[in-house]
Amino acid sequence: MSVPTDLRYTRDHEWVRIDGDEATVGITQYAADQLGDIVFVELPDAGRTLETAKSFGVVESVKAVSDLFAPVGGEVVATNDALSSGPELVNSDPYGEGWMVRIRVEEAADLNDLLDAEAYDALVAAG
Amino acid sequence: MTDEEAATPVVQKTPLASRHDSLGARMIDFAGWLMPVQYSSILEEHRAVRERVGLFDLSHMGELSVEGVTAGDALAAAVVSNPPDLAVGRAHYSMICAPDGGILDDLIIYRLAPDRFMVVANAGNAVVVSDALAERLTGSRAVLDDQSLATGLVAVQGPRSVDVLGPHTDVDLASLRYYGVAEGRVAGIPVLVGRTGYTGEDGFEVFVAKERTAEVWDTLLAAVDSFDGLPVGLGARDTLRLEAGMPLYGNELDRTTTPYDAGLGRTVKLGKPGGFVGRAALEKVNAEGPKRRLVGLVVEGRGIARHGYSVYAGQRKTGVVTSGTQSPTLGVPIAMAYVAPADGEPDTRLDIEIRDARVPARVVPLPFYRRSS
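Now for a description of the structure that goes with this document. None of these values were measured; they are calculated from a predicted model.

Describing the overall build of chain B
Helix and strand content of chain B: nine helices and 20 strands. Overall, chain B is about 60 × 55 × 50 Å in size when its C-alpha atoms are taken along their principal axes. Looking at chain B as a whole, 58% of its 373 residues are labelled buried. Excluding contacts between residues fewer than 6 apart, the proportion of contacts in chain B whose partners are at least 24 apart in sequence is 65%. As displayed, chain B has an accessible area near 15300 Å², and 51% of this comes from carbon and sulfur atoms. Looking at charge distribution, chain B has the averaged site of its 38 positive side-chain charges lying 6 Å from that of its 47 negative ones.

Structure, rendered in structure tokens:
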């Protein structure tokens, strides 16, 4: 499997799209496939401040509950309301319509800890 | 045995392991068996069974033969139901309890001949049930034969089940009623066909020698495919049984639960001739009334209730969720839970603690889903 090269990744199988001082976050295709049919996504309200590596939400498939961890700290400026009625978008389009939150990045240094596509591919390949 | 070997759990494979592999199933260790949890998608597999038909590998289940002129009476002393009441070719749901009334397992007991019964136990409890029966049948002249590892089990479930199985069997399916069982052939192979299941749909369970299980599977999978059906894994098996309000051992049932707690007191025949293990304890629970009650809940706020979540009546904790999921058929989160008897009436408003929030839920009658025909 190869992942989009314009994104950055975490070891928790989240992706991050960096645009100026904002970061859009979702989960990878690999994570979505592993979870199976996603039936519920719980996201923070806009305005909340997230701490790096702390849980900020939950993705649930039919079988399992999985925490979302903030890849970067900062204030939530937008959440994807479409996932409330259409959580299956995370399965069908994880890097597009299945995005989850947009964060105003507080510590640019957080971004240095993220993996590039090649490193993330290697992580997934290693299982 | 070295330490390393001792630490490696033995995971058994069903006769269909290579079939699951070539179908691309995701496999998990379930009750000591390597089993398919899903082939394509739990939701698609669930819908296939509700709308058309699905095929299951249930070869992990335990099959225990009890045979002899006193087999019926001996079983009656070992389980809560009264197997001698069964006509030949009929089956019933039953339980085997400890002396304190706690459930060791839930069972289906089939009467195959006047002096021959088959007890089907959950995979995770097959050894416990086999050991308990061996002990309880001692001195009865009934002979217990644990056939679990020699027997495969394939289930066809869904509204098209008769269409799938009919052309491949000499068993007269039209005269085989719900909870009936008949010996016959499928694809020319000797089998037992029971009209039983765990999905809330019409369907059949086909017991076959392990050496020939793959032939039966191949024939039935082709037939299922021709009706736009799917192979179905344990994931959808769980959502199907939950919608149908059927208990799962380890969730709704365990050693600390009595049949009365689970709303299954009808399986306990206190009035049957002779004693049975657990009788005194169960008479007491029946007389005093169970201390908790298994209910259905529909979550009305946002969130999915899961096994272990607490249930509140106002500020008072009243119980705990035993199973929960997003219902694929109803499109809402559903759960089963034990609550205080007074909080278990339909339409009672309760709250479920989902992570940090109290989410409103409503008690509903079980099952959540009942097939229309």
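Details of the sheet that holds strand S11 (residues 181-186) of chain B
Residue and element names in this part refer to chain B. The strand order across the open sheet built from six strands is S11-S12-S13-S10-S4-S14, with neighbouring strands paired in mixed fashion. What marks the edges here is a single partner per strand, and that holds for S11 and strand S14 (230-231). Of the pairings in the sheet, the one linking S11 to strand S12 (residues 189-194) comprises six bridges and is antiparallel in character. Residue pairing for S12: Val186 is matched across the bridge by Ile189.

Concerning helix H3 (residues 42-51) of chain B
Residues that lie three or four places apart on an α-helix share one face, since the helix turns once every 3.6 residues. Among the 10 residues that make up H3 of chain B, seven are buried, leaving the element largely enclosed by the rest of the structure. Here H3 of chain B has its buried residues at Ile42, Leu43, Glu45, His46, Ala48, Val49 and Arg50 of chain B. In the core, the buried residues of H3 of chain B are packed alongside strand S4 (38-42) of chain A together with strand S3 (33-38), strand S4 (54-57), strand S10 (151-157), S14 and helix H8 (234-243) of chain B. Where H3 of chain B starts, the residue carrying a side-chain oxygen 3.3 Å from the main-chain nitrogen of Leu43 of chain B turns out to be Ser41 of chain B.

Conventions adopted
Residues numbered from 1 in each chain as written. Chains lettered and ligands numbered in written order. Predicted model: local features only at pLDDT ≥ 70, side-chain atom pairs only at ≥ 80, totals over all residues. Heavy atoms only, no water. Helix = DSSP H or I, 4+ residues; strand = E, 2+ residues; numbered from the N terminus. Buried < 20%, exposed > 50% of the residue type's maximum accessible area, 1.4 Å probe, protein only. Contact = heavy atoms within 4.5 Å. Areas by Shrake-Rupley, 256 points an atom, 1.4 Å probe, with all protein chains shown as cover. Lys, Arg positive; Asp, Glu negative; His and termini not counted. Charge placed at Lys NZ, Arg CZ, Asp CG, Glu CD. Pairing = 2+ DSSP bridges. Polar contact = N/O pair within 3.5 Å; in protein donor to acceptor, adjacent residues only side chain to side chain.

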